[in-house]
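This is what each chain is made of:
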Amino acid sequence: DGGITQSPKYLFRKEGQNVTLSCEQNLNHDAMYWYRQDPGQGLRLIYYSQIVNDFQKGDIAEGYSVSREKKESFPLTVTSAQKNPTAFYLCASSIGGWGSSTYNEQFFGPGTRLTVL
Amino acid sequence: KNQVEQSPQSLIILEGKNCTLQCNYTVSPFSNLRWYKQDTGRGPVSLTIMTFSENTKSNGRYTATLDADTKQSSLHITASQLSDSASYICVVRSGYSGAGSYQLTFGKGTKLSVIP
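Throughout what follows, the structure given in this document is the object of discussion. What you are looking at is a predicted structure, and each value in this text was computed from that prediction instead of being measured.

### Examining the overall build of chain B
In step 1: Counting secondary structure elements, chain B contains zero helices and eleven strands.
In step 2: If you list the helices and strands of chain B from N to C, you get β-β-β-β-β-β-β-β-β-β-β.
In step 3: On C-alpha atoms alone, chain B measures out to a radius of gyration of 14 Å, which is about the 13 Å that the 2.2 N^0.38 rule sets for 116 residues.
In step 4: Principal-axis analysis of the C-alpha atoms gives chain B an extent of 50 × 30 × 20 Å.
In step 5: Taken over 116 residues, chain B has a buried fraction of 44%.
In step 6: Considering only residue pairs separated by 6 or more positions, chain B has 57% of its internal contacts joining residues 24 or more positions apart.
In step 7: Of the roughly 5700 Å² of accessible surface on chain B, a fraction of 48% belongs to carbon and sulfur atoms.
In step 8: Looking at charge distribution, chain B has the averaged site of its 11 positive side-chain charges lying 6 Å from that of its 7 negative ones.

This is how it looks when you write it as structure tokens:
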């Protein structure tokens, strides 16, 4: 059963703590993305990776870090430097990066809701 | 600057009624436009994609239109059902092939509530 999964669904963090959100896909997609979604706002790109061992900052990368050691996995770490981390986080993947000729569409995971206590 | 504006911001309709959601964009050069449906607390799911040469495309009770001259798209929902309650997001891809200069611009979405 192919798809993209995110865990956990809900995550609570104390101020000053780092937390890592998991994103896994078995679609054999090269590109993966992390977005943040706040109420009344559109999706904002945090980081994206077009290939293993390579990633680029998106529009709001400050306070976040990622790694892409495996094609299937693109974990996002929310660090204590992120001033307002409470949000809904969405991971997505696509066959090629949106800049490539092979790009078709992004498939999204179910999301992780992070709340800072 | 590429922008995608959606209207209305929110909409409440009675079950069984029709509705139309709007997406206006100032993206250039246009590549394609995609409508997503996002249920509350879930990830977006693609409904349809519109390319430059397409005016109308249907997916069940969902019909998308595109006017590339006026840079407008609409999503029409026929005979609404309670399960249509969701946010609908318009995403426009812009850029030139081969140059790796494509971009995606997301609208903020329209929140649709269908009530009995």
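Now, onward.
### With respect to the interface of chain A and chain B
In step 1: Between chain A and chain B, the contact holds 19 residues from the first and 17 residues from the second.
In step 2: Where chain A abuts chain B, roughly 1500 Å² becomes buried across the two surfaces, and 52% of that area is made up of carbon and sulfur atoms.
In step 3: Together, L43(A), W98(A) and F108(A) form the three largest contributors to the area buried by chain A at its contact with chain B, with a combined 30%.
In step 4: When the shortest N-O distance is used, the salt bridge between R34(B) and E105(A) registers 3.5 Å.
In step 5: Applying the counting criterion to the chain A and chain B interface returns three residue pairs in polar contact (both at pLDDT 80 or more).
In step 6: Elements supplying a minimum of two residues to the side of chain A that touches chain B: β4 (31–37) and β9 (87–94) of chain A.
In step 7: Partitioned by chemical class, the residues of the side of chain A that touches chain B number eight nonpolar, nine polar and two charged.

### Remarks on the packing of aromatic side chains
In step 1: Overall, the coordinates contain eight aromatic pairs over all chains when judged by the stated rule.
In step 2: A ring pair is formed by Y33(A) and Y35(A), whose centres lie 6.3 Å apart and whose planes are at 25°; its orientation type is stacked.
In step 3: Each ring, one from Y35(A) and one from F108(A), has its centre 5.8 Å from the other, and the planes form 40°; the classification is tilted. Here F108(A) lies in strand β10 (residues 107–108) and Y35(A) lies in strand β4, a separation of 73 residues in the sequence.
In step 4: Taken together, the aromatic side chains of Y33(A), Y35(A), F108(A), Y36(B) and F106(B) make up a single cluster linked through ring pairs.
In step 5: Of note, R68(A) hangs over the ring of F74(A), and the distance from its end group to the ring centre comes to 6.0 Å.
In step 6: Its guanidinium or amino end placed over the ring of Y62(B), R61(B) lies 5.7 Å from that ring's centre, counting from NZ or CZ.

### Examining the state of the cysteines
Two cysteines joined by a covalent bond between their sulfur atoms form a disulfide.
In step 1: Tallying each qualifying case throughout the model produces two disulfides over all chains.
In step 2: A sulfur-sulfur separation of 1.9 Å characterises the disulfide bridge that pairs C23(A) with C91(A). In this structure, the disulfide formed by C23(A) and C91(A) twists by about -75° around the S-S bond and is classed as left-handed. Residue C23(A) is found in strand β3 (residues 19–25), and its partner C91(A) is found in strand β9; the two are separated by 68 residues along the sequence. Accessibility assignment for this pair places C23(A) and C91(A) in one class, buried.
In step 3: Paired by a disulfide, C23(B) and C90(B) hold their sulfur atoms 2.0 Å apart. Handedness of the C23(B)-C90(B) disulfide follows from its S-S torsion of about -65°: it is left-handed. With C23(B) in strand β3 (residues 19–25) and C90(B) in strand β9 (residues 86–94), the pair connects residues that are 67 residues apart, well separated along the chain.
In step 4: Overall, C90(B) belongs to the buried group, its relative accessible area being 0%.
In step 5: This cysteine, C19(B), is not joined by any disulfide, and C23(B) carries the nearest cysteine sulfur, 15 Å off.

### Here's the deal with the sheet that holds β3(A)
All names here are of chain A.
In step 1: Here we have four strands laid out as an open sheet, ordered β1-β3-β8-β7, and antiparallel in their pairing. Each edge of the sheet is formed by a strand with only one pairing partner; in this case those strands are β1 (4–7) and β7 (64–66). Here the strands of the sheet are splayed against their neighbours by 20° on average, with no regard to which way each runs.

Conventions we followed
Residues numbered from 1 in each chain as written. Chains lettered and ligands numbered in written order. Predicted model: local features only at pLDDT ≥ 70, side-chain atom pairs only at ≥ 80, totals over all residues. Heavy atoms only, no water. Helix = DSSP H or I, 4+ residues; strand = E, 2+ residues; numbered from the N terminus. Rg over C-alpha atoms; globule rule 2.2 N^0.38 Å. Buried < 20%, exposed > 50% of the residue type's maximum accessible area, 1.4 Å probe, protein only. Contact = heavy atoms within 4.5 Å. Areas by Shrake-Rupley, 256 points an atom, 1.4 Å probe, with all protein chains shown as cover. Lys, Arg positive; Asp, Glu negative; His and termini not counted. Charge placed at Lys NZ, Arg CZ, Asp CG, Glu CD. Buried area = accessible area lost by both parts, 1.4 Å probe. Salt bridge = Lys/Arg side-chain N within 4 Å of Asp/Glu carboxyl O. Polar contact = N/O pair within 3.5 Å; in protein donor to acceptor, adjacent residues only side chain to side chain. Nonpolar A, V, L, I, M, F, W, Y, C, P; charged D, E, K, R; others polar. Phe/Tyr/Trp six-rings, centres within 6.5 Å; stacked < 30°, edge-to-face > 60°. Lys NZ or Arg CZ within 6 Å of the ring centre and 35° of its normal. Disulfide = S-S within 2.5 Å. Pairing = 2+ DSSP bridges. Axes fitted to C-alpha atoms, helices over the stretch in contact; angles between N-to-C directions.

Just distances and angles here, no functional claims.
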